[in-house]
Amino acid sequence: MRDLIIETRGLNYYFGNQKVVDDLSLKVEKGSIYGFLGPNGAGKTTSIKILLNLLKSPANTVFLFGKEINSNRIASLKRLGALVEQPAIYAHLSGAENLYNRCMLLGISRTKAKEMLRLVGLEDAADKKAGKYSLGMKQRLGIALALLSDPELLLLDEPTNGLDPNGIIEIRNLMIELATKHQKTILVSSHLLAEIERIATHVGIINKGKLLFQGTINELHDLSKPMIELELNDIAGGREFLNNNGYQILNSTEKKIILPFISTEECGRLNTLLIQHGFTVYSIYQVRKDLEHLFLDITKNN
Amino acid sequence: MRSLLLSLQSEFYKSRKTLAFWASILLPLLICGLITFGFLSNAEKIIKMHYPPQVLWMNFSGAALGVMGMLILPFYVIFMAFSVNNIEHKNDTWKSLFAQPLNKFSIYAAKYLYAVMLIFICLFLFALFTILFGHLLQALNSGFTFNGFSPVALLSKIYFKMFLSSLGILSLQFIISLIWSDFLKPMGIGFVGIIAGIIVASKGWEYAYLVPYSHPSLALSMSKSKNMDQLFSQEIYSSLIYAVILFIAGYFIVAKKSIK
């Protein structure tokens, strides 16, 4: 197994009596983009705050860079950058001043701030008061703040929240670039599966504080059972014919018949069989239940 | 130590464009300016009184000092304690502040020290402007007798005493402003505290020194009367003890505080 940048071992967290994180065991490998997925209120932000030591975790449950977080708080925080919920920005300072202030706290050069402004496309708005920024601009400034110290690990809590489609694509590309070209590890939370599916190498699905799935994106895909969608000239006749020949029909609509996928050979055999019996096959293809439904299924059953 | 300096520098950077920072400069300028204007427009009347230089200085500086202990200083301290913390509450930046690779104590101590510095600057400027404007009056109207006495030592001592007497209130209000993000609680509690302070101080209650809000009033009334020479009087000790205890308590609140 590769180095684990984030590891939590059976982490529990309570707000009063309410258990908000339940036996959470995250494993985030170095260089991965870990999509942390769950509906609103599932415990994503709480988990991220625990990773930042903003919420105190029980001893020996949270490890960043292989070290226990409570006893290595400063050393761990030095190596990560974060964007939690709404970006934390001083409204009375300009975008550039917000970055300069952070540079000051981190003891790094101001030139880095200019570089970040360019990276997130806020150069033109650098001297505008951050309070007057649009939501998308604030989000970008938040990302710039997270990236400022050139951290190895990025914790991004819904970073595309409030961005327009262009902005979403830009941030997505930026994340991919950071992970592939600069070997950063990124944990990105979202409640939108489609968003995560496009960028993540690994996925963790959380609901009501419980981790319901964790693995690579391919492992997630494998969970969804492949099916065959069949389009014929005669749906009703085809259905009857297939039934009589011992095929299991999962579903059928006016235009399609859906069968479980067994193998590619079997698919060919089915095609041949139908044609030999006078059906015209318009199309026959393999589909997977889309992840959106899978995600809903996973989170619903809990 | 390094992270304390960095945090302090950042506190200054963050607030240098806010009213809270400028208030510490504008407030003494404005009040001393008004008093000076009053003296200048009533110059004839005042000169006719033929005050000795020392009394003239007392009258001049007393115009600000008279309300300093009861009103200006306590309110100013409450406002500073509030605004230093409010900058983080308002922008929801506590979480990012405490997610920086900085010692939590430095972040907290820097905020506290910054508030202390602002109060010091404000009181220093009160003393400075009083002296400067006194001499300005003398230059504008030679009928005054400001040049016959140097109030530097006396005013420095009184204002330094004021400064020390305000630290108890500061620590108390600092904690209140740290815990609650709204404006009304620190202001409301502070307001009630100030009134209670005025009452116990003016009624000469034996244990008045136990109420932090009474310290500036007490310090001032003391300095007017018997123990003018004594810098560390009972209420100053009390103020400093309050300051130290509450400062430490505040740190434990911060350290335990979970940032929601």
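As the structure is a computational prediction, the values presented were derived from the model and not from experiment.

(A) Representation of the pattern of salt bridges. For the coordinates displayed, the defined rule picks out 23 salt bridges over all chains. The shortest N-O distance in the salt bridge between Lys185(B) and Asp182(B) comes to 3.4 Å. In this structure, a network of salt bridges that share partners links the residues Lys49(A), Glu85(A), Asp92(B) and Lys95(B).

(B) Just the side chain of Asn101(A), in detail. Take Asn101(A): it is sitting in helix 3 (residues 95–106). Sequence-distant contacts of Asn101(A), that is, excluding residues within four places in its chain, are made with Tyr90(A), Ser10(B), Tyr13(B) and Lys14(B).

(C) Just the sheet that holds strand 15 (residues 256–260) of chain A, in detail. All names here are of chain A. Read across the sheet, four strands follow the order 14-15-13-16 without closing on themselves; strand pairing throughout is antiparallel. At either end of the open sheet lies a strand with only one pairing partner, and these are strand 14 (251–252) and strand 16 (281–288). Strand direction decides the pairing type here: strand 13 (residues 226–232) and strand 15, joined by five bridges, are antiparallel. Note that in strand 15 the partner of Glu231 across the bridge is Lys256. Helix-sheet contacts for helix 9 (residues 235–244) involve strand 13, strand 14 and strand 15, and the interaxial angle to strand 15 is about 25°. Contacts from helix 10 (residues 264–276) reach strand 13, strand 15 and strand 16 within the one sheet, and its direction differs from that of strand 16 by about 155°.

(D) View of the interface of chain A and chain B. The interface of chain A with chain B comprises 30 residues on the first partner and 29 residues on the second. In total, chain A and chain B occlude about 2,700 Å² of area from one another, counting both sides; carbon and sulfur atoms represent 58% of this. Three residues stand out in chain A for area buried against chain B, namely Leu54(A), Tyr90(A) and Leu105(A), and they jointly supply 25% of the buried area on that side. Linking chain A with chain B are three salt bridges. A salt bridge links Arg16(B) to Glu97(A); its shortest N-O distance comes to 3.0 Å. In this structure, the connection of chain A to chain B is made through twelve residue pairs in polar contact (both at pLDDT 80 or more). Breaking the side of chain A that touches chain B down by element, the ones donating at least two residues are strand 2 (11–15), helix 2 (73–78) and helix 3 of chain A. The biggest single contributor to the side of chain A that touches chain B is helix 3 of chain A, with seven residues. Partitioned by chemical class, the residues of the side of chain A that touches chain B number 17 nonpolar, five polar and eight charged.

(E) Main features of the packing of helix 2 (residues 19–41) of chain B against helix 6 (residues 104–140) of chain B. Residue and element names in this part refer to chain B. Look at helix 2 against helix 6: their axes get within 9 Å of each other, and the N-to-C directions meet at 25°. Our classification of the angle between helix 2 and helix 6 gives roughly parallel. Handedness of the helix 2/helix 6 crossing: right-handed. Looking at the contact of helix 2 with helix 6 residue by residue, the classes come out as 20 nonpolar, four polar and no charged.

(F) Representation of the pairing of strand 3 (residues 18–24) of chain A within the structure. All names here are of chain A. Pairing of strand 2 with strand 3, which is carried by four bridges, proceeds in the antiparallel orientation. Counted as the bridge partner of Leu11 is Leu24 from strand 3. In sequence, strand 2 turns back onto strand 3 through a hairpin of two residues, with Gly16 there showing a positive phi of about 65°.

(G) Spatial organisation of unusual backbone geometry. Residues and elements named next belong to chain A. Despite not being glycine, Asp23 shows a phi value in the positive range, around 50°. Note on placement: Asp23 falls in strand 3. With phi around 55°, Asn60 is a residue other than glycine that occupies positive phi space. Within the element layout of this structure, Asn60 appears in the loop between helix 1 (44–51) and strand 6 (62–64). Using a relative accessible area of 51% as the deciding quantity, one classes Asn60 as exposed.

(H) Highlighting the packing of aromatic side chains. All names here are of chain A. For the structure on display, the rule yields 28 aromatic pairs over all chains. Aromatic side chains Phe241 and Phe279 sit 5.4 Å apart centroid to centroid with 50° between the ring planes, which places their arrangement in the tilted category. Of this pair, Phe241 sits in helix 9 while Phe279 is found in the loop between helix 10 and strand 16, placing the two residues 38 residues apart along the sequence. Exposure remark for Phe241: the relative accessible area of 14% places this residue in the buried category. Of the residues examined, Phe279 reaches a relative accessible area of 13% and is grouped as buried.

(I) Broad picture of helix 3 of chain A. All names here are of chain A. Its twelve residues give helix 3 an end-to-end C-alpha distance of 17 Å, which sits within 8% of 16 Å, the value for a rise of 1.5 Å per residue. Along helix 3, twelve of the twelve residues are buried, which leaves the element largely enclosed by surrounding structure. Regarding helix 3, the residues found buried are Gly95, Ala96, Glu97, Asn98, Leu99, Tyr100, Asn101, Arg102, Cys103, Met104, Leu105 and Leu106. Among the residues trailing helix 3, Gly107 stands out with phi positive, at a value near 65°.

(J) Local environment of the sheet that holds strand 7 (residues 67–68) of chain A. Residue and element names in this part refer to chain A. Across the sheet, which stays open at both edges, the four strands sit in the order 4-1-6-7 with antiparallel pairing between neighbours. Each having just a single partner strand, strand 4 (27–29) and strand 7 make up the two edges of the open sheet. In terms of strand pairing, strand 1 (residues 4–8) meets strand 4 through three bridges, oriented antiparallel. Bridged to Leu4 within strand 4 is Glu29.

(K) Broad picture of the pairing of strand 11 (residues 202–207) of chain A. Residues and elements named next belong to chain A. Across the six residues of strand 11, six count as buried, placing the element largely inside the fold. Of the two faces of strand 11, the one carrying His202, Gly204 and Ile206 and the one carrying Val203, Ile205 and Asn207 are both buried. The pairing of strand 11 with strand 12 (residues 210–216) spans six bridges and is classified as antiparallel. Each bridged residue has a counterpart across the sheet, and for Gly204 the counterpart in strand 12 is Gln214. Linking strand 11 back to strand 12 in an antiparallel pair, the connection comprises two residues, with Lys208 at a positive phi of about 50°.

(L) Molecular detail of the environment of Ala130(A). All names here are of chain A. Among the secondary structure elements, Ala130 is positioned in the loop between helix 4 (111–119) and helix 5 (135–147). For Ala130 and Ala96, which are 34 residues apart along the polypeptide, the C-alpha to C-alpha distance reads 8.7 Å. When sequence neighbours within four positions are dropped, the list of residues in contact with Ala130 reads Ile89, Tyr90, Ala91, Leu93, Ser94, Gly95, Asn98, Lys138 and Leu141.

Cut-offs and rules
Here the residue index of a chain counts from 1 through its sequence in written order. Here chains are named by letter from A upward and ligands by number from 1 upward, in the order in which they appear as written. In keeping with the predicted nature of the model, local features appear solely for residues at pLDDT of at least 70, side-chain atom pairs appear and are counted solely at 80 or more, and the whole-chain, interface and lining totals rest on all residues. Values reported for side chains reflect all heavy atoms of the structure, with hydrogen atoms and water molecules removed beforehand. A carboxyl oxygen of Asp or Glu within 4 Å of a side-chain nitrogen of Lys or Arg is what we treat as a salt bridge. Helix and strand definitions follow DSSP, with helices as H or I runs of at least four residues and strands as E runs of at least two, each counted in order from the N terminus. Whether two residues are in contact is decided by their heavy atoms, any of which lying within 4.5 Å being enough. Any two strands are treated as partners once DSSP identifies two or more bridges connecting them. Angles run from 0 to 180 degrees between N-to-C directions of axes, and those axes are lines fitted to C-alpha atoms, restricted for helices to the stretch in contact. The term buried area refers to how much accessible surface (probe radius 1.4 Å) is lost by two components on association, counted for both of them together. Residues adjacent in sequence count toward polar contacts only when both atoms are side-chain atoms; beyond that, a polar contact is any pair of N or O atoms within 3.5 Å, and within protein one must be able to donate a hydrogen and the other to accept it. Each residue gets one label: Ala, Val, Leu, Ile, Met, Phe, Trp, Tyr, Cys and Pro are nonpolar, Asp, Glu, Lys and Arg are charged, and the others, such as Gly, are polar. An angle below 35 degrees is treated as roughly parallel, one above 145 as roughly antiparallel, one from 65 to 115 as roughly perpendicular, and anything else as oblique. Each crossing gets its handedness from the near helix: less than a right angle anticlockwise from the far helix is left-handed, clockwise is right-handed. Each residue is placed in one exposure class: buried if its accessible area under a 1.4 Å probe, protein chains only, is under 20% of its type's maximum, exposed if it is over 50%, and partly exposed if it falls in between. Ring geometry is summarised as follows: Phe, Tyr and Trp rings, the Trp one being its six-membered ring, pair when their centres sit within 6.5 Å, and such pairs are stacked at plane angles under 30 degrees, edge-to-face over 60 and tilted between the two. Here the expected length of a helix is defined as 1.5 Å per residue gap, with one fewer gap than residues.

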